[in-house]
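Inside the fold
Read off the chains here:
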Amino acid sequence: MDTQAAEKIVAEQVDAVSKNPSLVRGNGCAACHVLFSLKDRMRVSEADAAAMLSEVLLENKELDGRFIEMVESIHMKQRMAGVAFAIKTREAKDRYLDSQLKNALEELLSDAAGFGVEAAMRKLVLTHAALQVAQNLGVDYHAATEELYHYMRRHAESEGDLEKLVSSLLGRAKK
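Now for a look at the structure at hand.

Digging into the overall build of the protein chain
Scanning the protein chain from N- to C-terminus turns up 9 helices and 0 strands. For the protein chain, the N- to C-terminal ordering of α and β elements is α-α-α-α-α-α-α-α-α. Rg of the C-alpha trace for the protein chain: 17 Å, near the compact-globule value of 16 Å for 175 residues, within the 12% margin. Each of the three principal axes of the protein chain carries a C-alpha extent, and together these read 50 × 45 × 30 Å. Expressed as a percentage of its 175 residues, the buried residues of the protein chain come to 33%. The contacts in the protein chain between residues at least 6 apart in sequence include a share of 62% that link residues at least 24 apart. Carbon and sulfur atoms make up 56% of the accessible area of the protein chain, which totals about 11100 Å². The distance from the centre of the 23 positive side-chain charges to the centre of the 27 negative ones in the protein chain is 4 Å.

Pasting the structure below:
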């Protein structure tokens, strides 16, 4: 993996989106824009691009700070999220929610099959934590997730706490 090239792409995209938020189309995710730019330009899988992005942000604190500022600016300051959903009919909302639930369940099953039950449980715990952050701060899920990951990159002990919880939950499930 070419970490320097990945870091350059991430920095370029963070700067570009910070200067021109319309690069993140519609109600898209600023973090995902950076991730998929990295994926496309490095010609790697989404999983490999996510690993690269995490490594780059973990190793470059200044870039990590700029990245989270970009996410906060777009997801917290510039958007009024949820309006498009709120104006839909009840039937349209229900169809959307049905589709989202089915997709979420399939994704968790796929994660468990492909990466193990521990990975699926880890995802569930982190999702729960990010949703709590989103609810308590009144921000969207993407922003809350990025804030949580930003925190975890700066506080290594949180990774150990997560692993202990996942192990404990899986141990209790086996009983």
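Resuming the write-up.
Side note on helix α6 (residues 90–115)
The terminal C-alpha atoms of α6, which comprises 26 residues, lie 37 Å apart, in line with the 38 Å expected from a rise of 1.5 Å per residue. What α6 keeps buried is the set Ala 92, Lys 93 and Asp 111. Looking one or two residues beyond α6, the residue adopting positive phi is Gly 116, at roughly 105 degrees.

Remarks on the layout of surface pockets
Of the pockets and cavities examined, the largest pocket occupies roughly 1300 Å³. Contributing to the lining of the largest pocket are 33 residues, with Ala 50, Ser 54, Lys 123, Thr 145 and Tyr 149 lying nearest its centre. Among the secondary structure elements, those contributing two or more residues to the lining of the largest pocket are α2 (30–42), α3 (46–59), α6, α7 (117–137) and α8 (141–154). Its residues assigned to classes, the lining of the largest pocket comprises 21 nonpolar, 4 polar and 8 charged.

Structural notes on helix α4 (residues 61–78)
When the terminal C-alpha atoms of α4 are compared, their 24 Å separation across 18 residues agrees well with the 26 Å that a helix rising 1.5 Å per residue should span. Of all the bends found along α4, the most pronounced is centred on Glu 72 and spans about 25 degrees. Along α4, the residues that are buried comprise Leu 63, Asp 64, Gly 65, Phe 67, Ile 68, Met 70, Val 71, Ile 74 and His 75. If you follow the buried residues of α4, they end up packed against α1 (3–19), α2, α3 and α8. Capping the start of α4, Asn 60 holds a side-chain oxygen 3.2 Å from the backbone nitrogen of Glu 62, two or three residues further along.

Topic: the environment of Ala 6
Locating Ala 6 in the fold gives a position in helix α1. For the pair Ala 6 and Tyr 141, spaced 135 residues apart in sequence, the C-alpha separation works out to 25 Å. Apart from the residues within four sequence positions on either side, Ala 6 is in contact with Leu 38, Met 42, Met 52 and Val 56.

Quick word on the side chain of Arg 153
Turning to its location among the elements, Arg 153 is positioned in helix α8. There is a polar contact of 2.5 Å between the side chain of Arg 153 and the side chain of Asp 64. Those residues in contact with Arg 153 that sit more than four places away from it in its chain are Ser 54, Leu 57, Leu 58, Lys 61, Asp 64 and Phe 67.

Comments concerning the side chain of Ser 158
In this fold, Ser 158 is placed in helix α9 (residues 157–174). With a relative accessible area of 11%, Ser 158 lands in the buried category. Ignoring anything within four residues of it in the chain, the contact list for Ser 158 reads Tyr 151 and Met 152.

What counts, and at which threshold
- Residues numbered from 1 in each chain as written.
- Predicted model: local features only at pLDDT ≥ 70, side-chain atom pairs only at ≥ 80, totals over all residues.
- Heavy atoms only, no water.
- Helix = DSSP H or I, 4+ residues; strand = E, 2+ residues; numbered from the N terminus.
- Rg over C-alpha atoms; globule rule 2.2 N^0.38 Å.
- Buried < 20%, exposed > 50% of the residue type's maximum accessible area, 1.4 Å probe, protein only.
- Contact = heavy atoms within 4.5 Å.
- Areas by Shrake-Rupley, 256 points an atom, 1.4 Å probe, with all protein chains shown as cover.
- Lys, Arg positive; Asp, Glu negative; His and termini not counted.
- Charge placed at Lys NZ, Arg CZ, Asp CG, Glu CD.
- Expected span 1.5 Å × (residues − 1).
- 1 Å grid on protein atoms, 1.4 Å probe; cavity = no way out; pocket = protein on both sides within 12 Å on 5 of 7 lines; lining within 4 Å.
- Points joined across faces, edges and corners; volume = space filled by probe spheres on them.
- Nonpolar A, V, L, I, M, F, W, Y, C, P; charged D, E, K, R; others polar.
- Bend = angle between axes of the 7 residues up to and from the residue.
- Polar contact = N/O pair within 3.5 Å; in protein donor to acceptor, adjacent residues only side chain to side chain.

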